[in-house]
Amino acid sequence: SCAYAASENGHLEALKILIEVGGEELLMAADSNGVSCLAVAARQGSTTMVRFLLERGGPDLFALHGESEISCLHFAAAGGNEDAGMAIAEMLVTAGGVECLEQADSRLGWTPLHNAVDAGHSLLAGKMSEWLGQSGDVEHVRRSVEALHEAAFGMFRGVPQMAPVHAQERVVEFFGFGTVRSRKGCQARKCYYEVTILRVDESPQIGFALAGFARFSGNSYNGVGDGDQSWGVDGARQLLWPRGYGGRYEV
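Residues numbered from 1 in each chain as written. Predicted model: local features only at pLDDT ≥ 70, side-chain atom pairs only at ≥ 80, totals over all residues. Heavy atoms only, no water.

### What about the overall build of the protein chain?
Move 1: Counting its regular elements, the protein chain contains nine helices and nine strands.
Move 2: Principal axes of the C-alpha set define a box for the protein chain whose edges measure 55 × 45 × 30 Å.
Move 3: With 251 residues in all, the protein chain has 41% of them scored as buried.
Move 4: Considering only contacts in the protein chain between residues 6 or more positions apart, those separated by 24 or more positions represent 61%.
Move 5: Averaging the coordinates of the 20 positive side-chain charges in the protein chain and doing the same for the 31 negative ones gives two points 11 Å apart. (Helix = DSSP H or I, 4+ residues; strand = E, 2+ residues; numbered from the N terminus. Buried < 20%, exposed > 50% of the residue type's maximum accessible area, 1.4 Å probe, protein only. Contact = heavy atoms within 4.5 Å. Lys, Arg positive; Asp, Glu negative; His and termini not counted. Charge placed at Lys NZ, Arg CZ, Asp CG, Glu CD.)

Below, the structure is given as structure tokens:
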């Protein structure tokens, strides 16, 4: 929706105009994965937008999330800016109480503390642990997060709940942007692997990456093909992505 897009991109004045025209019910819009206006603003680290949304949306907007149980506090903890994440987390905990820190999602069983540790936000993780008291064991959470990333096949860039890996079935479910990788590197001059598409996404990019394609903790929109250390192909849009430059191909 327009309200969702304004919240995601930090266009506060545009959002105010939309509310004047369409009413505050616009704030209850969510994307196909149940990510609300408040959650996406928290993910982007927009403190001004989050403050406005909490004031206008109230408890109903704060409690809005999809079947995955991924809260706005999960997204705040996974954001790219720790200072903004800290400020937003304080606002959200004030609005929803310390108990919202204990809410685990249904995909990985992670709390917001897991996302803070995953994103490398040590100060935010420490603050969350302080709020939680005895139940906020950062080292235990850290071991759980490290185990996920040390798996033979798993998340490499992005918020882990957006691309949970079902290892036994060898299936990855994408609910948003995320990059997964295999630890089996290419040792020969020519290599290939096979991927079966079970459900078509709007912009899948599949390819290869060099050793310099580094892991990124937390929210990220840079996947395979988006930089000079990787190459990707997007069959949905018929685009090749060599080193960040998309070029159309014919089939």
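### Re the packing of aromatic side chains
Move 1: One pass over the full model with this rule turns up two aromatic pairs.
Move 2: Aromatic side chains Phe156 and Phe213 sit 5.9 Å apart centroid to centroid with 20° between the ring planes, which places their arrangement in the stacked category. A residue pair is termed long-range when its members are at least 10 positions apart, and Phe156 in strand S1 (residues 153-158) and Phe213 in the loop between strand S5 (206-209) and strand S6 (216-217) qualify at 57 residues.
Move 3: In this arrangement the basic side chain of Arg107 is found over the ring face of Phe175, its NZ or CZ atom lying 3.5 Å from the centre.
Move 4: The ring centre of Phe175 lies 6.0 Å from the NZ or CZ of Arg199, which sits over that ring. (Phe/Tyr/Trp six-rings, centres within 6.5 Å; stacked < 30°, edge-to-face > 60°. Lys NZ or Arg CZ within 6 Å of the ring centre and 35° of its normal.)

### What about the packing of helix H3 (residues 37-44) against helix H4 (residues 47-62)?
Move 1: Running from N to C, H3 and H4 cross one another at 145°; their axes reach a closest spacing of 9 Å. Judged by the twist between their axes, the crossing of H3 over H4 is left-handed. Facing Cys37, Leu38, Ala41 and Ala42 of H3, the residues of H4 in contact are Met49, Val50, Leu53, Leu54, Leu61 and Phe62.
Move 2: Residues belonging to the contact of H3 with H4 are distributed by class as follows: 10 nonpolar, no polar and no charged. (Axes fitted to C-alpha atoms, helices over the stretch in contact; angles between N-to-C directions. Left-handed = near helix turned anticlockwise from the far one by under 90°. Nonpolar A, V, L, I, M, F, W, Y, C, P; charged D, E, K, R; others polar.)

### Focus: helix H1 (residues 2-9)
Move 1: Buried within H1 we find Ala3, Tyr4, Ala6 and Ser7. On an axial view of H1, the arc spanned by its buried residues comes to 165°, and they lie on one face. Of the exposed residues in H1, the ones pointing more than 90 degrees away from its buried face are Cys2 and Asn9.
Move 2: Each element contacted by the buried residues of H1 is listed here: helix H2 (12-22), H3 and H4.
Move 3: Trailing H1 by a residue or two, Gly10 shows a phi angle of about 75°, which is positive. (Arc of directions from axis to C-beta.)

### Some details on the nonpolar core
Move 1: Residues Leu15, Leu38, Val50, Leu53, Leu92 and Met128 are the most contacted members of the largest nonpolar core, which totals 49 residues.
Move 2: With seven residues, the single largest contributor to this core is H4.
Move 3: Beyond its immediate chain neighbours, meaning those up to four positions away, Leu38 contacts Val50, Leu53, Leu54, Leu61, Phe62, Cys72 and Leu92. (Core = buried A, V, L, I, M, F, W, Y, C linked by side-chain atoms within 4.5 Å.)

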